[in-house]
Amino acid sequence: MNENKQLPLRIGVGIVLLNRENNVFVGKRIDNPKNSWQMPQGGVDQNENFLQAAKRELEEETGIKSVKLIKELD
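Residues numbered from 1 in each chain as written. Predicted model: local features only at pLDDT ≥ 70, side-chain atom pairs only at ≥ 80, totals over all residues. Heavy atoms only, no water.

Asker: Help me understand the pattern of salt bridges in this model?
Answerer: A side chain of one charge can pair with a side chain of the opposite charge if their charged atoms are brought near each other. All chains considered together, the criterion is met by seven salt bridges. Between aspartate 45 and arginine 10 there is a salt bridge, with the nearest N and O atoms lying 3.5 Å from each other. Taken together, the positions of aspartate 45 in the loop between strand S4 (41–43) and helix H1 (50–62) and arginine 10 in the segment before strand S1 (12–14) put the pair 35 residues apart, joining distant regions of the chain. You can call aspartate 45 partly exposed: its relative accessible area is 33%. Residue class for arginine 10 comes out exposed when judged on its relative accessible area of 54%. The partner of arginine 56 in a salt bridge is glutamate 60, with the nearest N and O atoms 3.2 Å apart. Here glutamate 60 and arginine 56 lie together in helix H1, a separation of four residues that amounts to about one turn. Here the salt bridges do not stand alone but share partners, grouping Arg10, Asp45, Glu48, Arg56, Glu57 and Glu60 into one network. (Salt bridge = Lys/Arg side-chain N within 4 Å of Asp/Glu carboxyl O. Helix = DSSP H or I, 4+ residues; strand = E, 2+ residues; numbered from the N terminus. Buried < 20%, exposed > 50% of the residue type's maximum accessible area, 1.4 Å probe, protein only.)

Have a look at this one:
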């Protein structure tokens, strides 16, 4: 029997975080045995716009609270 539940897809956001030297942040996932790395990302909650969701996910995953938006893509 397949124990994996099919979760519904939901709208998500991804963040490309740059420092003053234009280095891109990637984080190593501690919950993945395959040594995976990724940029901050996550789902958009109800009554949240994309920018709010991106800032929330960034803070949840990195602790970073102060950012300047350079560009938002569709």
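Additional details are given in the paragraphs that follow.
Asker: Please clarify how a nonpolar patch on the surface should be interpreted in this entry.
Answerer: Together, Val16, Leu18, Val24, Val26, Trp37, Met39 and Ile70 make up an exposed nonpolar region whose accessible area comes to about 670 Å². With respect to the element layout, leucine 18 can be found in the loop between S1 and strand S2 (27–28). (Patch = residues over 30% accessible without salt bridge, like charges linked within 9 Å, V, L, I, M, F, W, Y side chains within 5 Å. Areas by Shrake-Rupley, 256 points an atom, 1.4 Å probe, with all protein chains shown as cover.)

Asker: Please explain the nonpolar core as it appears in this structure.
Answerer: Residues Val13, Ile15, Leu17, Val44, Ala53, Ala54 and Leu58 constitute the largest nonpolar core, which totals seven residues. Sorting elements by how many residues they give to this core places H1 first, with three residues. Ignoring any residue separated from it by four or fewer positions in sequence, one finds alanine 53 in contact with Val13, Gly43, Val44 and Glu48. (Core = buried A, V, L, I, M, F, W, Y, C linked by side-chain atoms within 4.5 Å. Contact = heavy atoms within 4.5 Å.)

Asker: Sorry if this is basic, but what is going on with the layout of surface pockets here?
Answerer: In this model, the largest pocket occupies a volume close to 790 Å³. The wall of the largest pocket is formed by 23 residues, among which Ile15, Val16, Leu69, Ile70 and Lys71 lie closest to the centre. Of all the secondary structure elements, the ones that give two or more residues to the lining of the largest pocket are S1 and H1. By residue number, the principal contributor to the lining of the largest pocket is H1, which donates five residues. In this structure, the second largest pocket occupies an estimated 180 Å³ of space. (1 Å grid on protein atoms, 1.4 Å probe; cavity = no way out; pocket = protein on both sides within 12 Å on 5 of 7 lines; lining within 4 Å. Points joined across faces, edges and corners; volume = space filled by probe spheres on them.)

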